[in-house]
Amino acid sequence: MAVISTDLRVRKVTGRIGAEVAGLDLRIDLDGETVAAVRKALLEHKALFFRGQELDDEGQQRFAARFGELTRAHPTVPSLEGSPNVLRVDSTEGRANNWHTDVTFVVSPPSASTLRSITVPPFGGDTLIANTATAYRDLPDPLRDLADGLWAEHTNDYDYAIPPAQTAQTKAFREVFVSRKYRTAHPVVRVHPETGERALFIGGFAQRIVGLSNTESRDLLRLLQTYVTRPENTVRWTWAPGDLAFFDNRITQHYAVDDYGDLPRLLHRVTVAGGVPTGLDGRNSYAIEGDDAAHYTPIAA
């Protein structure tokens, strides 16, 4: 039975990004009016947090599917057994302590991501999420003018989420992660398809600026990235069991803080299919290497 909660409350967590949503039980099939209210809050705040939700994998998928068709778990990494749309984010397989936007190495990255806490350490293991639209607006005019015309190559073929000292398990995960290699060109400044906002679309998978050398690319990407990760553009979420984070993958980056030693940390991720990014000149992203990832995600309209 679809219901709407009259107790829906949205409280900002920081001035530029993030809001905590209370008054909803996500185990219940939310009606259209409630979904519209949550979508509006997501577009405004970029990242939403729901405390103490007693969701299972089916419930997480049902919630995410109210916002669009789901992707498979990942283009290369196997899904949770029996749940093709669920990806295990397991600290024993690698730690994503690298600023990134999910799966930008394919032509049509997810539009939104949900993360649900399964096992959280008693300390540490927070997730940082950054607003890449305010980062873009922070750029000085000359740097913004430069960024407007740049394109970047994104790839999964680099040491993402892999510690320097690899165990047999993390080495095996790395081999699976790059078992099918992708390189995709995306605009460095992306136009959000729903709000029209301009945002920096870079992050860890962006490894090279089209037309520049590797050294020049690293320097320029590092400079732009410093605006994304300014503290005032970020929110830090401290996980408790049963929490759900929901963020707009088109206009954010995130980072899992690796400060919890050898303790276990497990989240489940479900993502919503997205469209092909568009730059300020109206051009769309395009594949350089690898297929169109149709096995992983449909291209959302």
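Note that this is a predicted model, so its numbers are computed, not measured.

Visitor: Would you mind showing me how to read the overall build of the protein chain here?
Guide: Secondary structure assignment for the protein chain yields six helices and 16 strands. The C-alpha radius of gyration of the protein chain comes to 18 Å, within 12% of the 19 Å expected for a compact globule of 301 residues. C-alpha extents for the protein chain along the principal axes are approximately 55 × 45 × 35 Å. Counting all 301 residues of the protein chain, 54% fall into the buried class. The long-range share in the protein chain, meaning contacts at least 24 apart out of those at least 6 apart in sequence, stands at 83%. On the protein chain, roughly 12,800 Å² of surface is accessible, and the fraction owed to carbon and sulfur atoms is 50%.

Visitor: Explain the sheet that holds strand S8 (residues 183–187) to me, please; I cannot follow it from the model alone.
Guide: Taken in spatial order, the four strands of this open sheet run S11-S7-S8-S16, and their pairing is antiparallel. Unpaired on one side and paired on the other, strand S11 (206–209) and strand S16 (286–289) mark the two borders of the sheet. On average, each strand axis in the sheet is tilted by 35° relative to the strand beside it, whichever way the strands run.

Visitor: Sorry, what's going on with the environment of leucine 30 here?
Guide: By the secondary structure assignment, leucine 30 is in the loop between strand S2 (19–22) and helix H1 (32–45). Between the C-alpha atom of leucine 30 and that of arginine 66, which follows or precedes it by 36 residues, the distance is 8.3 Å.

Visitor: Would you explain helix H2 (residues 57–65) in this entry?
Guide: The complete set of buried residues in H2 reads Asp57, Gly59, Gln60, Gln61, Phe63 and Ala64. Where H2 is buried, its residues contact H1, strand S3 (47–50), strand S5 (112–119), strand S13 (244–248) and strand S15 (266–272).

Visitor: I tried to follow the pattern of salt bridges on my own but got confused; where do I start?
Guide: Taken as a whole and assessed by the stated rule, the structure comprises 23 salt bridges. A salt bridge links arginine 27 to glutamate 54; the nearest nitrogen and oxygen atoms lie 3.5 Å apart. Residue arginine 27 is found in the loop between S2 and H1, and its partner glutamate 54 is found in the loop between S3 and H2; the two are separated by 27 residues along the sequence. When its relative accessible area of 60% is taken as the criterion, glutamate 54 is described as exposed. When the shortest N-O distance is used, the salt bridge between arginine 269 and aspartate 102 registers 3.2 Å. Within this pair, whereas arginine 269 is found in strand S15, its partner aspartate 102 is found in the loop between strand S4 (87–90) and S5, the two being separated by 167 residues in sequence. A residue is classified by how much of its surface remains accessible, and aspartate 102, at 2% relative accessible area, is buried. Connected via shared salt-bridge partners are Glu153, Arg183, Arg208 and Glu289.

The rules behind the values
Residues numbered from 1 in each chain as written. Predicted model: local features only at pLDDT ≥ 70, side-chain atom pairs only at ≥ 80, totals over all residues. Heavy atoms only, no water. Helix = DSSP H or I, 4+ residues; strand = E, 2+ residues; numbered from the N terminus. Rg over C-alpha atoms; globule rule 2.2 N^0.38 Å. Buried < 20%, exposed > 50% of the residue type's maximum accessible area, 1.4 Å probe, protein only. Contact = heavy atoms within 4.5 Å. Areas by Shrake-Rupley, 256 points an atom, 1.4 Å probe, with all protein chains shown as cover. Pairing = 2+ DSSP bridges. Axes fitted to C-alpha atoms, helices over the stretch in contact; angles between N-to-C directions. Salt bridge = Lys/Arg side-chain N within 4 Å of Asp/Glu carboxyl O.

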